[in-house]
Structures are given as structure tokens and as C-alpha cells.
Amino acid sequence: MLKINLCGIEFRNPVFLASGIMGETGSALKRIAKGGAGAVTTKSIGLNPNPGHRNPTIVEVYGGFLNAMGLPNPGIDEYLEEIKGVRDELNRMDIRIIGSIYGKDEEEFAEVAKKMEEYVDIIELNISCPHAKGYGATIGQNPDLSYSVCKAVKKAVKVPVFAKLTPNVTDIIEIAQAVVDAGVDGLVAINTVRGMAIDIKAKKPILANKFGGLSGRAIKPIGIKVVWDLYENFDVPIIGVGGIMSGEDAIEYMMAGASAVQIGSGVYYRGYDIFKKVCDEIINFLKEENLTLKEIVGIAHE
Amino acid sequence: MEKPVICRIKEIIEESPTVKTFIIDKDFDFKPGQFAMLWLPGVDEKPFGFSSKNSFSVARVGNFTKKMHELKEGDIIGVRGPYGTYFEPMGDKVLAVAGGIGAAPIVTAVEEFSKQGVEITTILGARSKEELLFLDRFKKSGRLEICTDDGSFGFKGFTTEKMKEILKEERFDLIITCGPEIMMKKVVDIANEYNIPVQVSMERYMKCGIGICGQCCVDDEGLCVCKDGPVFWGDKLKFIKEFGKYKRDASGKKIYY
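Residues numbered from 1 in each chain as written. Chains lettered and ligands numbered in written order. Predicted model: local features only at pLDDT ≥ 70, side-chain atom pairs only at ≥ 80, totals over all residues. Heavy atoms only, no water.

### Concerning the overall build of chain B
Regarding its fold elements, chain B presents six helices and 17 strands. Relative to the globule expectation of 18 Å for 257 residues, the C-alpha radius of gyration of chain B, 17 Å, shows essentially globular dimensions. Expressed as lengths along the three principal axes of its C-alpha atoms, the size of chain B is roughly 50 × 40 × 35 Å. Buried positions account for 58% of the 257 residues belonging to chain B. (Helix = DSSP H or I, 4+ residues; strand = E, 2+ residues; numbered from the N terminus. Rg over C-alpha atoms; globule rule 2.2 N^0.38 Å. Buried < 20%, exposed > 50% of the residue type's maximum accessible area, 1.4 Å probe, protein only.)

As C-alpha cells, this is what we get:
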């Protein structure tokens, strides 16, 4: 009932793990797969090992979490070993792998993408991390840089390429237009929203990086609006992400135009099997309303 | 809310040349073996086991702990926790094996267990006499066997040698252990040999401390040391293939023991 097809790839359900949560090792991805996700997204992987920012890298605020992990990852070569270790098992479970990657420029993106390609079903371009200077949103806030990165990766690989967008821009359509022009196969929206928390007794920002990205319930309306706008303007599939805790939230994203969704912070609030729970809730809704998954995608626009 | 609670340091006790205990002005409702993320604003945030409801004992091993050791009474630290699983008593007789700073969570466990009427034997190991921790607290909680690497006090040799010696004579219902992973691996092997249930307290590089970032996930099943641990029963260890073999650094790169 929840099977979907994105860019010719079959997914057993449209509820995926978002990048950044649990994805640092293969066994962590496997655990999430067992929690019922239709696909798991890796942490964003770069060319070289990166320890990320110092702690505190995360702090809870009303409505969600602020984080500034700083793109920690062991580098693509070592990370491929992590994926190799679990790939067969994920295949047996019929779970797809989305490989999130980052780089400082189009050459680096293309190089990592080429190495990653063989081991994943989709490549997701992190041009939206708000707290890693020179990476992520530094690229994704600039339409020209976004275009050249997407273009270079599209040229380098054959698997479908999705660009993950940052909401921290004045006009997201301008950025989305650039990446669609570059030929990406789909869009992922949204990455976290820039924010800061200060401890008034320590008299300092709590995150070591001072600011970070806000995830969780508070950003859902922001994500819904972005997905709505993307659906109005583009024909490529959209994966909605940002503050999804329940099947109802997922359906709201789908009605705005998302073909699939990703969950991050929800793992904290509802456990590693949130994916299964959200799928069950979507099924219940579809049965109640006598609708199919396909019918609800973008239904709010009609 | 998963955020640091700012605490003031009331008193600092020099336990040994390398270990200081920081007593803070707030009590935490912790269970033995649980930890908190300690935040030094401007420095870092790292996990430490509680050494009592209002104290942490910190061995100087790296930059963060060096900065901790420079703190003075009246300074502030952030405390986020308590987190994780804890040591649970089982049966009437418990053997505790503590190595180095692993004595901190173990002493809280044996104190709690002995309060509940459990008969305790602790094997406490350290490099030398002056590095032995919490001797008085251990003695008050039951029988204490001391081991030092250099023989400057008690039995000269490893805790695991002493453990074998004791197990030849006596039967225990449960073994608990905390210390260097290589030591704990041996403790688990010996416990299995004698068919005695065991609980170990593991340590891994941690970031979020609440089971979402994936930094401390252990192979092969992706258990989070911060949330599914740090205290694991022996039967769970079967799913932790990396135990005693390797750990990961802040980037996720494997470091073999």
C-alpha cells in the first residue's frame, strides 16, 4: 500500500531516515532499517576524515533541537567500508540507501559522488548544512555555486541525484531553479533553520560552534511552505523533511507536494522504530479517507 | 529539556596525583553507572560517570580533563544528564572489578548494592598505590582486594589474575566491571568461563549523549553506548562485536586496541 517509485527506483515505503541522524556507521543504518524505514540516508560524507565541531554539538530548545555537528565523517574511503558491511543485509530487507555527500567545490563533490555511486541508490547533495563554513549552505545559498556543483555531480554519476536545499535563503525558487537547470533528478527540503541558544548563567552560546541548525516540530510549517512552493514551480519529485513526528505530519508534507519524507529528530521523540509507526499511521489515514498514496501527493494544490 | 544545568563547584578533592573529584552544588537523581555530559563553556562537553549524586571524579588524560583539573572552587560547569543504563543488583553475592578511573561508577554501585543487603567483594586495580581510588568507600561496602601493577600495595598484578584466584574458591551471583576495555574483555571471558552473569560499563566517544547522532553506535547492531549503555549485560555484549577490538574517533574512523 505504501510502495512508491522515485526516478525508477522502488521503495517499500516513503518514510526515510534523514541525513545526520544515526548514519555515521553501517550498523547504525542497519538499526534504522530494522525500524521500518523505506530508505536510510547516510551522514554527509566528504573526501577526507572530519572530526566535526567540538561539543556541545546539540542542545534541545522549545520545539526541537539545535545542532552543529560540523559534518563529522571518516572520509569516503573508510565510509564505503561501513556501507559494504551492511549493504547486502539492507538489500535483503529491501531497504534503499541514499548517500549524502558534501564537498568544498564541484570537483570534490564529483569525486566523492563517483566513489559513492556504486554503493547507493540515490545521491543526495548536501548544499544546505548551515554550520560548516565553506561547505553546505555556503554553496546552497548561491545559485551559481549550486548550479555548478549539481551539474558536475550529474555529469559524474548515473544514479539519480537529489539536492537538499536550505531554507536559509531569501528566494528558494531561485536556488531550486538553478539546481533543476543543472539536471538534478529531485529535491529534498528542508535542511535545518539557522538558530542559536545562549545559556544565561554561563553567559555564552551553548553550541561550541555558537550557532547551529534548528530541527524538530518548530520547523514543520517552514518545510511545508517550501515544499508547497517547490511543487508549484517544478516537476521533479520532492522529498519533504523537517519536523515530521507522525503519519499526520508526513501526510501534510505529501499534500503539500512531497512524494516521500525523511525523519530526523523524530527518532529522539518516538524511538528508532518511528518509521514503522509513521507508516502505520499513514496507512490508517489512507484507509479512513479511502485514498491512495499517489492521490494525496500535492492534493492540497487542487 | 536536553540542555546543560549550570552548577557551581563547591569543593575539589584530590583523590590521587591524576584524579580529582568535583563536588557540585546540585544533586542529581542518578543510578549507579549512569553518566552526564559535563560542559566547560568555551572548551568542550564530555561524558563522565557520577561518583555520587553531586560529584564527578575526573582523571587527567587529555585536553578537556586538563582544563577540568584547572578549575577552582566557585567555578561553574554545565551538567546534562543523568543518561544511560545502570548497574543492577542480582542475587546475594556480587563481585566488582574496577580498574583505574573505572572505580568511580563501580564505587557508586557497590555502595548502593550493599545498602540493599548484597554481599560485595571488590577487586580494585591501579598502576600504583597512590593511584588507588575510594579505598574508604570500598571498604565500607564490603570486602576489598587491592591490586597494583607495580606491587606498591596489595597484590602485584592485574585485577583479572586476582579475579581468577578468587573465583577458584568462591561462587558469585553477578560480576560487574568498569575499567580499560581490554581488562573488561578479560573479565567477561572469565565470567563466561565460570558461567556467572556480568555487567560492563563501556566507554565510547560521545557527542549528543541521547541516542540520535550515531557517534557512539557500536558494531554490529548499532546499539548506542549513550542510550542502550553504557552498562551492558553480558548477553547484550554478544551483539557488540567491536568490544575489546576497536572503537571510533570523533570522525567515526576505527581505532584498533
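### Observations regarding the environment of Lys30 of chain A
Mapped onto the fold, Lys30 of chain A is located in helix 1 (residues 26-34). Along the primary structure Lys30 of chain A and Ile198 of chain A are separated by 168 residues, whereas in three dimensions their C-alpha atoms are 36 Å apart. For Lys30 of chain A, the contacting residues outside a window of four places in its chain are Val86, Glu89, Leu90 and Met93 of chain A together with Asp220 and Glu221 of chain B. Among the polar contacts listed, one links the side chain of Lys30 of chain A to the backbone oxygen of Asp220 of chain B, at a separation of 2.9 Å. (Contact = heavy atoms within 4.5 Å. Polar contact = N/O pair within 3.5 Å; in protein donor to acceptor, adjacent residues only side chain to side chain.)

### Quick word on the pairing of strand 8 (residues 119-126) of chain B
All names here are of chain B. A large share of strand 8 lies buried, amounting to seven of its eight residues. Pairing of strand 7 (residues 93-99) with strand 8 involves seven bridges; the strand directions are parallel. Residue Val97 lies in a different strand from strand 8, and its bridge partner there is Ile123. In this region the chain leaves strand 7, passes through helix 2 (residues 103-115) and returns to the parallel neighbour strand 8; the handedness of that crossover is right-handed. Taken together, the six bridges between strand 8 and strand 9 (residues 143-148) define a ladder with parallel strand orientation. Bridging across to strand 9, Gly125 finds its partner in Cys147. (Pairing = 2+ DSSP bridges. Right-handed = clockwise from strand over helix to strand, strands pointing away.)

### Quick look at the domain arrangement of chain B
Residue and element names in this part refer to chain B. Under the domain assignment, chain B is made up of domain 1 (5-83) and domain 2 (93-256). The distance between the C-alpha centroids of domain 1 and domain 2 comes to 20 Å. Counting residues at the interface gives 22 residues for domain 1, matched by 21 residues for domain 2. The junction of domain 1 with domain 2 conceals about 1600 Å² of combined surface from both sides, 63% of it contributed by carbon and sulfur atoms. When residues of domain 1 are sorted by the area they lose upon contact with domain 2, Pro32, Gly33 and Phe35 head the list and together hold 26% of the total. At the junction of domain 1 with domain 2, the criterion picks out zero salt bridges. (Domains from an automatic or database assignment. Buried area = accessible area lost by both parts, 1.4 Å probe. Salt bridge = Lys/Arg side-chain N within 4 Å of Asp/Glu carboxyl O.)

### Re the environment of Trp228 of chain A
Looking at the element boundaries, Trp228 of chain A is found in helix 7 (residues 220-233). Trp228 of chain A has contacts with Ala256, Ala300 and His301 of chain A, leaving out every residue within four places of it along the chain.

### Focus on the side chain of Thr41 of chain A
Residues and elements named next belong to chain A. Mapping Thr41 onto the fold places it in strand 4 (residues 39-41). Of the polar contacts made by the side chain of Thr41, one reaches the backbone oxygen of Leu17; its length is 2.6 Å. At 3.5 Å, the side chain of Thr41 and the side chain of Gln262 are in polar contact. Contact partners of Thr41, with chain neighbours within four places excluded, come to Leu17, Ala18, Ser19, Leu29, Ile98, Ser100, Glu124 and Gln262.

### Some details on the sheet that holds strand 2 (residues 19-24) of chain B
Residues and elements named next belong to chain B. An order of 1-2-5-4-3-6 is seen for the six strands of this closed barrel, with the pairing classed as antiparallel. Pairs of neighbouring strands in the sheet enclose a mean axial angle of 45°, with direction left out of account. Taken together, the six bridges between strand 3 (residues 35-40) and strand 4 (residues 44-52) define a ladder with antiparallel strand orientation. Among the inter-strand pairings, Trp39 is bridged to a residue of strand 4, identified as Glu45. Contacts from helix 2 reach strand 4 and strand 5 (55-59), with the element oriented near 35° to strand 4. (Axes fitted to C-alpha atoms, helices over the stretch in contact; angles between N-to-C directions.)

### Description of the nonpolar core
Membership of the largest hydrophobic core comes to 142 residues, with the highest contact counts inside it found for Val40, Leu165 and Ile282 of chain A together with Ile175 of chain B. Residues contacting Ile282 of chain A, with those up to four places away along its chain left out, are Leu2, Val15, Gly247, Ala250, Ile251, Met254 and Leu293 of chain A. By size, the runner-up hydrophobic cluster in this structure holds 27 residues, among which are Val110, Val118, Ala126 and Cys178 of chain B. (Core = buried A, V, L, I, M, F, W, Y, C linked by side-chain atoms within 4.5 Å.)

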